[in-house]
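What follows is each chain in one-letter form.
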Amino acid sequence: MTPFAPHVYAERRRRAAAQAAESGLDGVLVTPGPDLTYFLGYTPAAETERLTMLVIGADDPDGATAVVPLLEAHDMVVGAVGGVETLPWSDGEDEHAVAARLLRDGGRYAISDAAWALHVLGMQRTLPSASFAAVTHALPLLRAAKAPEEAARLAAAGAGADAVLAEIVRRPFAGRRERDVATDLAELLRAHRHEQVDFTLVCAGENGADPHHEPSDRVIREGDMVVMDFGGLADGYGSDITRTVHVGEPTAEEREVHDVVRAAQQAGVDAVRPGATCEDVDRAARGVIEDAGYGERFIHRTGHGIGLTTHEPPYMVAGETTPITPGMCFSVEPGIYLPGRFGVRIEDVVVAFPQDVPGVDDAPHAAVRLTTSQHELLVVE
Ligand code: ZN
Ligand code: ZN
Ligand code: ZN
């Protein structure tokens, strides 16, 4: 992915240090994966068993240090956007003892969710009085509020996903397998800005009633509702869209269920307003579905955050009382699932309270959709 300017990463590290301090933590331990990309602009060519860990101290916002295998130290210095010290360790050394020099025994640290157990346990053994908590639990909102330059990448990824949808609905559905349409979706995502395809769900007829059905050899027929949910990463940032189409003329019931989901999705988007919390989005979307008598058939949360990954905090779910703040980007994706028959889901990613996001209108709405493909039921052949 194209790196941002070095000051962007320095500012992110400063913010992490401040959030850690506010939460009574001594620091944040960042290992390879989206967190390291976020805070250092560096993604190792291959993730190995050797410890790579950026240490951001709560008391030293400008003094982050990266513990790095000696043989990768050069790659990191060249590959990273810069501004951090490196502390190399050599094969044969105890890497956890090296890292421990930057930490305090008795300290409390947040560590990347994806850190290997090998290293978490190694750090714990080396510093028996220190404690370590997953970032998702200790500092869930570390990457949640997107800066305008990040929201612009998400908008570009969303535009790519919209282009994919526009092309796929012009292709034939009847007579092809779910798997064939899924293969097309993956190719189209790559053709429209995406360097990584994360998922291409194609769920025809009764398979649409299973929200996570994987594309199969099921042949799509005239009369099927088809749920398509796809996305991936474009220049490092995620897309995620769902539309439900119908092969041939839909029945009145199919139209009605689709209309309910469409109204629920709109209600979820409209629930983003000053003072709203994540669970308000879920409650608004779910309320529409409950009022229509399908409450029992909406069997998942309403949405999830998106950024350097396609699923991350915050979650739009009952009990999530986190306030929605400017720049948060998340999906709104209610659905109705009728077992043995069909399902409908509609999903867009939105940016909350956008401020000067290139490529996003400053419409008079609190939440702006980053995918705008038509929401009316699409009829395909
Ligand atoms: Zn039908
Ligand atoms: Zn999705
Ligand atoms: Zn989603």
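Everything numeric in this text was worked out from a predicted model, so none of it was measured.

K.L.:
Quick question: what am I supposed to make of the pattern of salt bridges here?
P.N.:
Pairing is possible between side chains of opposite charge, provided their charged atoms come close. Per the counting criterion, the structure on display carries 28 salt bridges. Measuring nitrogen to oxygen at the nearest pair gives 2.9 Å for the salt bridge that ties Arg14 to Asp62. Remark: Asp62 occurs in the loop between β2 (53–57) and β3 (65–69) and Arg14 occurs in helix α1 (residues 6–22); sequence separation between them is 48 residues. Arg14 sits in the partly exposed class, given a relative accessible area of 34%. Among the residues examined, Asp62 registers a relative accessible area of 55% and is labelled exposed. Salt-bridge contacts for Glu279 lead to Arg283; the nearest nitrogen and oxygen are separated by 3.3 Å. Here Glu279 pairs with Arg283, and both are found in helix α10 (residues 278–291), just four residues apart, close to one helical turn. Within this structure, Asp35, Arg143, Lys146 and Glu312 form a network of salt bridges that share partners.

K.L.:
Looking at this structure, how should I read the coordination of the zinc ion (ligand 2)?
P.N.:
Each angle at a metal carrying four tetrahedral donors should ideally be 109.5 degrees, and each at a metal carrying six octahedral donors should ideally be 90 or 180 degrees. Around the zinc ion (ligand 2), the donor atoms from the protein are Asp229 (OD), Asp229 (OD), Asp240 (OD) and Glu347 (OE), and they sit 2.0 to 2.6 Å away. In this structure, the zinc ion (ligand 2) is coordinated by four donor atoms arranged in irregular fashion, with angles at the metal of 55 to 150°. Written as a sequence motif, the donor residues of the zinc ion (ligand 2) are D-x10-D-x106-E. The distance between the zinc ion (ligand 2) and the zinc ion (ligand 3) comes to 3.0 Å, with Asp240 serving as a donor to both metals. One end of the pair, Asp229, is in strand β8 (residues 225–234); the other, Glu347, is in the loop between β15 (342–345) and β16 (348–352), with 118 residues separating them in the sequence. Each member of the pair, Asp229 as well as Glu347, carries the same accessibility label: buried.

K.L.:
Honestly, the nonpolar core in this entry has me stumped. Any pointers?
P.N.:
Nonpolar side chains in soluble globular proteins tend to end up buried together. Val28, Phe39, Leu40, Leu54 and Ile56 are the most contacted members of the largest nonpolar core, which totals 40 residues. In terms of residue count, the dominant contributor to this core is α1 (five residues). Lining this core are residues from two domains, each supplying at least three of them: domain 1 (6–138) and domain 2 (148–380). With residues up to four places along the chain from it excluded, the contact list for Val28 reads Ala16, Ala20, Leu54, Val55, Ile56, Ala110, Val135, Leu139 and Leu142. Counting residues in each nonpolar core, the second largest holds 22 residues, with Ala182, Ile220, Met228 and Ile241 among its members.

K.L.:
Teacher, can you tell me more about the packing of aromatic side chains here?
P.N.:
Where two aromatic rings form a pair, the distance of their centres and the angle of their planes describe that pair. In this structure the tally under the stated criterion is four aromatic pairs. Seen from their ring centres, Tyr109 and Phe132 are 6.1 Å apart, and the 25° between their planes marks the pair as stacked. Of this pair, Tyr109 sits in strand β5 (residues 108–111) while Phe132 sits in strand β6 (residues 131–134), and the two are 23 residues apart along the sequence. Residue Tyr109 shares its accessibility class with Phe132, and that shared class is buried.

K.L.:
I would appreciate a short explanation of unusual backbone geometry in the present structure.
P.N.:
Excluding glycine, a negative phi dihedral is what most residues carry, and trans is how most peptide bonds are arranged. For the bond running from Pro313 to Pro314, omega is 0°, close enough to zero to count as cis. With respect to the element layout, Pro314 can be found in strand β12 (residues 312–316). Non-glycine residue Arg193 carries a positive phi angle of around 80°. Mapped onto the fold, Arg193 is located in the loop between α8 (178–191) and β7 (194–204). What makes Arg193 exposed here is its relative accessible area of 52%.

K.L.:
Sorry if this is basic, but what is going on with the coordination of the zinc ion (ligand 3) here?
P.N.:
Taken together, the protein ligands of the zinc ion (ligand 3) are Asp240 (OD), His304 (NE2), Glu333 (OE) and Glu347 (OE), with distances of 2.1 to 2.2 Å. One way to put it: the four donor atoms around the zinc ion (ligand 3) meet at angles of 80 to 158°, and that makes the site irregular. Here the donor residues of the zinc ion (ligand 3) are spaced in sequence according to D-x63-H-x28-E-x13-E.

K.L.:
Where do I start with the side chain of Glu254 in this structure?
P.N.:
Position of Glu254 among the secondary structure elements: in helix α9 (residues 252–270). Side-chain polar atoms of Glu254 contact the side chain of His246, separated by 2.8 Å. If sequence neighbours within four positions are ignored, Glu254 has contacts with Gly223, Met225, His246 and Phe342.

K.L.:
Would you explain the environment of Ala157 in this entry?
P.N.:
Within the secondary structure, Ala157 sits in helix α7 (residues 148–168). Of the residues examined, Ala157 reaches a relative accessible area of 0% and is grouped as buried. Not counting chain neighbours up to four residues away, the residues in contact with Ala157 comprise His194, Ala234, Tyr237, Gly238 and Ser239.

K.L.:
What exactly am I supposed to notice about the sheet that holds β6 here?
P.N.:
Across a sheet, strands are paired by hydrogen bonds formed along the backbone, either parallel or antiparallel in direction. The sheet built from six strands is open, its strands ordered β4-β3-β2-β1-β5-β6 with mixed pairing. Two strands in the sheet have a free side with no partner beyond their single neighbour: β4 (85–89) and β6. The sheet shows a mean angle of 25° between the axes of neighbouring strands, direction not considered.

Thresholds applied
Residues numbered from 1 in each chain as written. Chains lettered and ligands numbered in written order. Predicted model: local features only at pLDDT ≥ 70, side-chain atom pairs only at ≥ 80, totals over all residues. Heavy atoms only, no water. Salt bridge = Lys/Arg side-chain N within 4 Å of Asp/Glu carboxyl O. Helix = DSSP H or I, 4+ residues; strand = E, 2+ residues; numbered from the N terminus. Buried < 20%, exposed > 50% of the residue type's maximum accessible area, 1.4 Å probe, protein only. Donors = N, O, S within 2.8 Å, 3.2 Å for Na, K, Ca; no water. Tetrahedral: all angles 85-135°; square planar, octahedral: opposite > 155°, others 65-115°. Core = buried A, V, L, I, M, F, W, Y, C linked by side-chain atoms within 4.5 Å. Domains from an automatic or database assignment. Contact = heavy atoms within 4.5 Å. Phe/Tyr/Trp six-rings, centres within 6.5 Å; stacked < 30°, edge-to-face > 60°. Polar contact = N/O pair within 3.5 Å; in protein donor to acceptor, adjacent residues only side chain to side chain. Pairing = 2+ DSSP bridges. Axes fitted to C-alpha atoms, helices over the stretch in contact; angles between N-to-C directions.

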